[in-house]
Amino acid sequence: MKKKVFVAAVFVFLFCVMLPVLLVAVSRKNADRAASRVQPLPQYDMVHVLLYGYDRDTVSGRITLYSEDGNVVSTIERSWNADSVMISFAEFSYGSKVFVFPYSVSRSGSGKAFSGIYLPNYYLSANKCHLVSSKKAEEIQKEYARIAHFATSRFFSKFSSSRSIQTVNLSLCQPGIEYEIQFTQQGKALVFPVAGDYLS
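Here is what the cut-offs are and how they apply
Residues numbered from 1 in each chain as written. Predicted model: local features only at pLDDT ≥ 70, side-chain atom pairs only at ≥ 80, totals over all residues. Heavy atoms only, no water. Salt bridge = Lys/Arg side-chain N within 4 Å of Asp/Glu carboxyl O. Helix = DSSP H or I, 4+ residues; strand = E, 2+ residues; numbered from the N terminus. Buried < 20%, exposed > 50% of the residue type's maximum accessible area, 1.4 Å probe, protein only. Expected span 1.5 Å × (residues − 1).

Caption draft 1: View of the pattern of salt bridges. Overall, the coordinates contain 7 salt bridges when judged by the stated rule. With its nearest N and O atoms 3.0 Å apart, the salt bridge here joins Glu 68 to Lys 136. One end of the pair, Glu 68, is in the loop between β2 (58–66) and β3 (72–81); the other, Lys 136, is in the loop between β8 (128–129) and α2 (138–152), with 68 residues separating them in the sequence. Glu 138 is paired through a salt bridge with Lys 142; the nearest N and O atoms lie 3.3 Å apart. A residue pair is termed a helical-turn pair when its members lie 3 or 4 positions apart in one helix, as Glu 138 and Lys 142 do in helix α2 at 4 residues. Judged by relative accessible area, Glu 138 falls into the partly exposed class, the value being 45%.

This is the structure:
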C-alpha cells in the first residue's frame, strides 16, 4: 500500500514539474517558428495616452491601442488610486529581431508590471493579433499572436531569458495632452505629444 502511495506521489510530482516545462517548450517553439517567418511590427503609434487629470491620490485617463494601419483596436478609460501610472510592454527577442507588445497598465511604484490591466486581453482574440493590419493574411495575424502569447504570458516569463519587460512611466505626461508611444525596430520606446491634439 505504501509503495503504491509513493509511486502515485512521485507521478504527481513529476507531472507538476514536467507539465509546465513542456508547455513552455511548446509555446517557445511556436513563437520561434513564427518569429522566423515575420518581421517586427513597423515603428508606429501603437498606444495613445490621454490623462484627464489628477485628484488627490487618483489619476484618470484613457489608453487607446492602435493597429499598424491606424485603426482603433480598443479604448480603455478608468481611474487609478495612485500618484501616477505606467504602461509596461513585453519584448521577445529572436536573433536580431525585437517584437514588442503592450503588456499592462498599472500604478507606478507597484513594483509589479503584471498587476493592473492586462492589455493582451484587448488585442488578442480568435488566435489573432489585432495590432497587425487587417489587410494582411489571417495566417500572418496568427503568427504574431503566437509570438505575443509567449511574450506576454505571466507564467512563461519565469522560464525564458528571451523575454523582457520595458516600462514607460506616464508621470511626465501633462493632463489634457494626448501622447503617443512608438517603438523603434531595436525596441526603444519613444513618447511624444500627438500634434495639435489638446483638450478644449
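Caption draft 2: Inspection of α2 at higher detail. Between the first and last C-alpha of α2 there are 21 Å, a value that for 15 residues agrees with the 21 Å anticipated at 1.5 Å per step. Taken as a whole, α2 has its buried residues at Gln 141, Glu 143, Tyr 144, Ala 145, Ile 147, Ala 148, Phe 150, Ala 151 and Thr 152.

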